[in-house]
Structure formats: structure tokens, C-alpha cells
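# Tertiary structure, described
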Amino acid sequence: MSTDQEFTEFYLATYRRLVGQLYVLTGSRHDAEELVQEAFSRALARWATVSTYDAPDAWVRRVAFNLAFSRRRQALRAATALLRLDREPRHEVDRSDAVAVVEALRAVPMRHRRALVLHYVVDLPVREVAAELGVPENTVKTWLRRGRQQLHEAFRDDLSAEATERLLAHLKA
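Heads up: these notes are all about the structure in this document. (Residues numbered from 1 in each chain as written. Predicted model: local features only at pLDDT ≥ 70, side-chain atom pairs only at ≥ 80, totals over all residues. Heavy atoms only, no water.)

### Here we look at unusual backbone geometry
- Although it is not a glycine, Asp123 sits at a positive phi angle of roughly 70 degrees.
- Accessibility expressed as a relative area gives 47% for Asp123, which makes it partly exposed. (Buried < 20%, exposed > 50% of the residue type's maximum accessible area, 1.4 Å probe, protein only.)

Below, the structure written as C-alpha cells:
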């Protein structure tokens, strides 16, 4: 099989799933698609190496996550500059269940959000989340607990803690 054909098959098999995972992380379908495409372009440039990994999709996901974090840091710097100018960004929020969870996830610290996405959306066990994030399993468990608590607080009037977890599980679809 040619390298181009192998990469194309990998791309077609994993693109939609990775976009879904990044959508939950970023809250923006457009940003998710852009980040995943950039990660795939970086994978293509290193395909001879990346294709030998046990889970090349995990490499692409990690690159996309890192790009999202970089973009978030840039956005925070821009928001800080806007606040200095005494302007507030405004947007309307669609409150369907999945969109509401994604919106609530924006208020969760990035490390907790990352753990929630990897565990609930990517469906990785705690052990694999810890390995991917490079932290101890107990740290992941703490981040998951705190992230769930923060989501529950965001929905305290609307949802029970169990309903919040069901919504997180629903995002896998």
C-alpha cells in the first residue's frame, strides 16, 4: 500500500471522530475542524514516523489539543486586551442539551476539561487518560471529579449530577 493511500485511509477513518472530540473541547465546530486539519497536516509531514505508533490517532489528537491550548492562550491575551479597552464580547447561546454541556465546559479549567473529554468523549479509561496527559491516575480522578462538580454547578437548577454525567456520555454519539 502506498504511503498516500495509507494516510488517506487513516484520515477518512479518524477525521470525524477527532473533530467531534475537539468540538467538545473547544465548543466550536469550525475551530474543531480547523485544529484537526492542522494536526493532520502535521501528521502527514511526519507520516513515516507517526504511522509506526500504536495509536497514530492519539498523536493527532494530542497535537490538536495542544493547538487548541495555544489558541486559547492567545484568545485569553486578546480578551485581556479587550477588557482593558472596557469592551465585552457578546454572544447568544443555543441551549440544546449537547450545546449546553459544551458551553458549560468552557467554564471548566482546561486541564479538567481535557480529562473530561478524554474520559467521557474519547472513552479512555483513567489509566490511559493519565498516560496521555502525563500525570498520575489520582490526578486524573481528581480532575474528573472537579470537572463534573463544576458542570453540575453550572446546571444546578436544571440537572442532577446523574443527568450531567448522562449528557457527557451522550456527547460520544
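### Thoughts on helix α1 (residues 3–26)
- Along α1, the sharpest change in direction is near 45 degrees and occurs at Thr14.
- Of the residues one or two after α1, Gly27 is the one with positive phi, at around 80 degrees. (Bend = angle between axes of the 7 residues up to and from the residue. Helix = DSSP H or I, 4+ residues; strand = E, 2+ residues; numbered from the N terminus.)

### A short note on the packing of helix α6 (residues 110–121) against helix α7 (residues 126–133)
- Two elements in contact, α6 and α7, have axes separated by 9 Å at closest approach and are oriented at 135 degrees. Accordingly, the angle class assigned to the pair α6 and α7 is oblique. The two elements α6 and α7 cross, and the hand of that crossing is right-handed. Along the contact surface, α6 presents Arg114, Ala115, Leu118 and His119, while α7 presents Val126, Val129, Glu132 and Leu133.
- Class assignment for the residues of the contact of α6 with α7 results in 5 nonpolar, 1 polar and 2 charged. (Axes fitted to C-alpha atoms, helices over the stretch in contact; angles between N-to-C directions. Parallel < 35°, antiparallel > 145°, perpendicular 65-115°, else oblique. Left-handed = near helix turned anticlockwise from the far one by under 90°. Contact = heavy atoms within 4.5 Å. Nonpolar A, V, L, I, M, F, W, Y, C, P; charged D, E, K, R; others polar.)

### Section: the environment of Ala107
- With respect to the secondary-structure elements, Ala107 resides in the loop between α5 (97–105) and α6.
- Separated by 43 residues in sequence, Ala107 and Gln150 place their C-alpha atoms 8.0 Å apart.

### Quick notes on the side chain of His112
- Here His112 shows up in helix α6.
- In this structure His112 comes out as buried when scored by relative accessible area, which is 3%.
- Only 3.2 Å separates the side chain of His112 from the side chain of Gln150, close enough to count as a polar contact.
- When neighbours within four sequence positions are excluded, His112 is seen to be in contact with Trp143, Arg146, Gly147 and Gln150. (Polar contact = N/O pair within 3.5 Å; in protein donor to acceptor, adjacent residues only side chain to side chain.)

### Regarding the pattern of salt bridges
- Counted under the stated rule, the structure contains 6 salt bridges.
- For the salt bridge of Arg42 with Glu38, the shortest nitrogen-to-oxygen distance reads 2.8 Å. A residue pair is termed a helical-turn pair when its members lie 3 or 4 positions apart in one helix, as Arg42 and Glu38 do in helix α2 (residues 29–45) at 4 residues.
- Taking the relative accessible area as the measure of exposure, Arg42 reaches 34% and is therefore partly exposed.
- Salt-bridge contacts for Glu132 lead to Arg61; the nearest nitrogen and oxygen are separated by 3.1 Å. Of the two residues, Glu132 is situated in helix α7 and Arg61 in helix α4 (residues 56–84); the sequence distance between them amounts to 71 residues. Grouping residues by exposure puts Glu132 and Arg61 together as buried.
- When salt bridges that share partners are traced, they join Asp31, Glu34 and Arg71 into one network. (Salt bridge = Lys/Arg side-chain N within 4 Å of Asp/Glu carboxyl O.)

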